[in-house]
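Structural overview for review
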Protein chains: 2
Amino acid sequence: MDNRIREHAETLVDWSARIESGDDVVLSVAEGAHDLAVAVAEALGARGANVVTTYASEEVSRAYLRAHAGDFETSEHELALYERADSVLILGGGRNTFATADVDGETRQAAARAKQPIREARMATDWMSTVHPTRALAQQAGMSYEAYRDFVYEAILRDWEALAEEMAQLKQLLDDGNEVHLVSERTDLRMSIEGRNAINSAASVAYDSHNLPSGEVFTAPYDTEGEVVFDVPMTISGARVRDVWLRFEDGRVVDFSAESGENTIADLLDTDEGAPRLGELGIGMNRGIDRITDNILFDEKMGDTVHLALGRAYDACLPEGESGNDSAVHVDLITDVSENSRLEIDGEVVQRNGRFRWEDGFEP
Amino acid sequence: MDNRIREHAETLVDWSARIESGDDVVLSVAEGAHDLAVAVAEALGARGANVVTTYASEEVSRAYLRAHAGDFETSEHELALYERADSVLILGGGRNTFATADVDGETRQAAARAKQPIREARMATDWMSTVHPTRALAQQAGMSYEAYRDFVYEAILRDWEALAEEMAQLKQLLDDGNEVHLVSERTDLRMSIEGRNAINSAASVAYDSHNLPSGEVFTAPYDTEGEVVFDVPMTISGARVRDVWLRFEDGRVVDFSAESGENTIADLLDTDEGAPRLGELGIGMNRGIDRITDNILFDEKMGDTVHLALGRAYDACLPEGESGNDSAVHVDLITDVSENSRLEIDGEVVQRNGRFRWEDGFEP
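This structure is a prediction, so every number in the text was calculated from the model and none was measured.

Rules and cut-offs
Residues numbered from 1 in each chain as written. Chains lettered and ligands numbered in written order. Predicted model: local features only at pLDDT ≥ 70, side-chain atom pairs only at ≥ 80, totals over all residues. Helix = DSSP H or I, 4+ residues; strand = E, 2+ residues; numbered from the N terminus. Expected span 1.5 Å × (residues − 1). Buried ≥ 20, exposed ≤ 12 C-beta atoms within 10 Å, placed from the backbone. Arc of directions from axis to C-beta. Contact = placed C-beta atoms within 7 Å. Domains from an automatic or database assignment. Nonpolar A, V, L, I, M, F, W, Y, C, P; charged D, E, K, R; others polar. Pairing = 2+ DSSP bridges. Axes fitted to C-alpha atoms, helices over the stretch in contact; angles between N-to-C directions. Parallel < 35°, antiparallel > 145°, perpendicular 65-115°, else oblique.

1. Observations regarding helix 8 (residues 145–156) of chain B
All names here are of chain B. Here helix 8 contains 12 residues, and its C-alpha end-to-end distance of 16 Å stays within 8% of the 16 Å for a straight helix at 1.5 Å per residue. Within helix 8, burial applies to Tyr148, Phe151, Val152, Ala155 and Ile156. Around the axis of helix 8, the buried residues are gathered within 120° of arc, so they sit on the same side. Structurally, helix 8 contributes buried residues whose contacts are with helix 1 (3–16), helix 7 (135–141), strand 8 (211–212) and helix 11 (296–299).

Structure follows, in structure tokens:
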């Protein structure tokens, strides 16, 4: 076994999910994630956890969904499983990123609605989502398998404790601040963050963070004004999207364009009342991620990028009792801030051309 | 998809497990059983069942078991899953029949003890066990992959309704009978079956049968006297066993030998008080199985064979309130009855040289 697979498993079990003896764990394994599952099982055995291993095969799902008449029910046995679980470890890594491309949207949504109580039970556990590098993901990234594996482990096998400490500085600034101002060549955007909690997303349940890799600090902005260009290309609902431009007034998108994928953005904005409003401002701080691979788990955490999500805000960013932007969607759009760019909080420059104020080479 | 995979799935879901709309099903998928899982998921979707898919990977189990300190607990979340399931469909088919060969017996047993409540919950559902033909199983059978697949589907894709009707005749004779007498060149064995229920094992929960393929009628004999030779070679606990000879007095093995694997038989007989007594007399009636493949799921159902199991009797064979032979083991041994052989019930020949009394060519 590639020793990095074992290190990945140990990072997941110890740093991320904080598994302890006697924990009831659900281990969810994608079609291509077998080798990581073996390594995670070894770590879980060594910690004395109890494990149920589920098979998250997209081909199995596709066959089931396409054959079903559409009157989905909430599975009582599945709900019972998750209600009694302490942790859920989701090992992604499929064999074909388009495995469910021919399941129609209505069926997908009906199944998702029936699964809502199960999803809530799962989200109430110490859940973590990670990914095993597969050939399908390498292909999506436009990379060789060998190079892609190097990329993935560079992103995942970080000194998370050190990164968490660094990110804590940005979290503090966002928690204390009232307004964020993002400026670059084609971007001039102001957002209120007053009263909102920033999350130091350090790839661990101990930090309210559920992705491995992570490495971003995010909050839930509102009252957005101005315009922004997202120059990092990505795939949204199967469509390639490039150079999205949005103009906000009173917190809402009032005009938009895109060099490609404009219809996809139009459909997205049209989803519901919350879709044209921001749910998230995230600042990527994982410098182990040095390229865009068309996988949001990695892209949004890349160092020297900022992302904004249209749609739903995370509860963790909201003070007790307050509700944030609500929507059926949450779609991240990413902008490169490595050049000709600055991020200000309450008028003070916090990041310029990718450098933070506590870093060497920062120019105020 | 090979259309036989789809027929296998439909046989499993409809004839065997009798799945109905709204049933909560656990689908357990071995490492090599992906293609069958896809076909079964399709059938389950079409019937409107609810599915949790588990990954029964022996490599995952091995890693977990070898790393564990041995103080296993019953997983509460796994127990909850099975307690709320209506049906459990177990799709066997590994990629290496020795995948867990280096897990020590003590660890295995400790894990099995902790899983006992889960096993009981699973056995209380409408569970079915079947197997997807894999290269590993072809190798174990000493066959090419293509030929092995033909063999498996010949065994599984039977006219089960017709076979169930034929087997009902033998069940009736065994239910009404008091003593079975098995005679061949080196075998002369008498067993009491008075008061015991025979099971018409027609590969369906509707027949108290949990294996696909099946095709045997079995009961729980006692007061065994005489001697028997098992001339069908098999693998028991990893050891090749050939030509086992047993002599019974007062229902108990008092002498034995084997051409190979004698130590394995000695260990087996030494397990506990119930191990040297018979738990099962089974008569193979599936003529789709025409060769021995060193897989008990198939071998014991082969037409023109009879098997006897040392150890535990099945509750289904016992009248309400009566307890049968109890043991931690249940090991089937098989004898060929196609030549120079007869099976009598209360002195009447029921089968001679493989032919039953209701078949053409039967000689009384």
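2. Looking at the domain arrangement of chain A
Residues and elements named next belong to chain A. Domain assignment breaks chain A into domain 1 (3–156) and domain 2 (160–356). Taken over C-alpha atoms, the centre of domain 1 sits 25 Å from the centre of domain 2. Counting residues at the interface gives 20 residues for domain 1, matched by 18 residues for domain 2. In terms of residues, the side of domain 1 that touches domain 2 owes the most to one element, strand 4 (residues 126–131), which gives 6 residues. Partitioned by chemical class, the residues of the side of domain 1 that touches domain 2 number 12 nonpolar, 5 polar and 3 charged.

3. Regarding the pairing of strand 18 (residues 348–352) of chain A
Residue and element names in this part refer to chain A. Note: strand 17 (residues 341–345) against strand 18, 4 bridges, orientation antiparallel. The residue of strand 18 that forms the bridge with Arg342 is Arg352. Here strand 17 hands over to strand 18 after 2 residues, with Asp346 in that stretch at a positive phi of 50°. Pairing of strand 18 with strand 19 (residues 355–356) involves 2 bridges; the strand directions are antiparallel. Bridge pairing links Gln351 to Phe356 in strand 19. Once strand 18 ends, the chain turns through 2 residues before running back antiparallel as strand 19, passing Asn353 with a positive phi of about 50°.

4. Let's talk about the interface of chain B and chain A
Contacts between the two partners involve 38 residues from chain B and, on the opposite side, 39 residues from chain A. Every element with two or more residues in the side of chain B that touches chain A is listed here: strand 1 (24–30), helix 2 (34–47), strand 2 (50–56), helix 3 (58–67) and helix 4 (76–83) of chain B. Residue composition of the side of chain B that touches chain A, grouped by class: 19 nonpolar, 11 polar and 8 charged.

5. Some details on the packing of helix 4 (residues 76–83) of chain A against helix 4 of chain B
Packing of helix 4 of chain A against helix 4 of chain B leaves a shortest axis separation of 8 Å and a crossing angle of 170°. By the angle between their axes, helix 4 of chain A is roughly antiparallel relative to helix 4 of chain B. Between helix 4 of chain A and helix 4 of chain B, the residues in contact are His77, Ala80 and Leu81 of chain A and His77, Ala80 and Leu81 of chain B, respectively. When its residues are assigned to classes, the contact of helix 4 of chain A with helix 4 of chain B shows 4 nonpolar, 2 polar and no charged.

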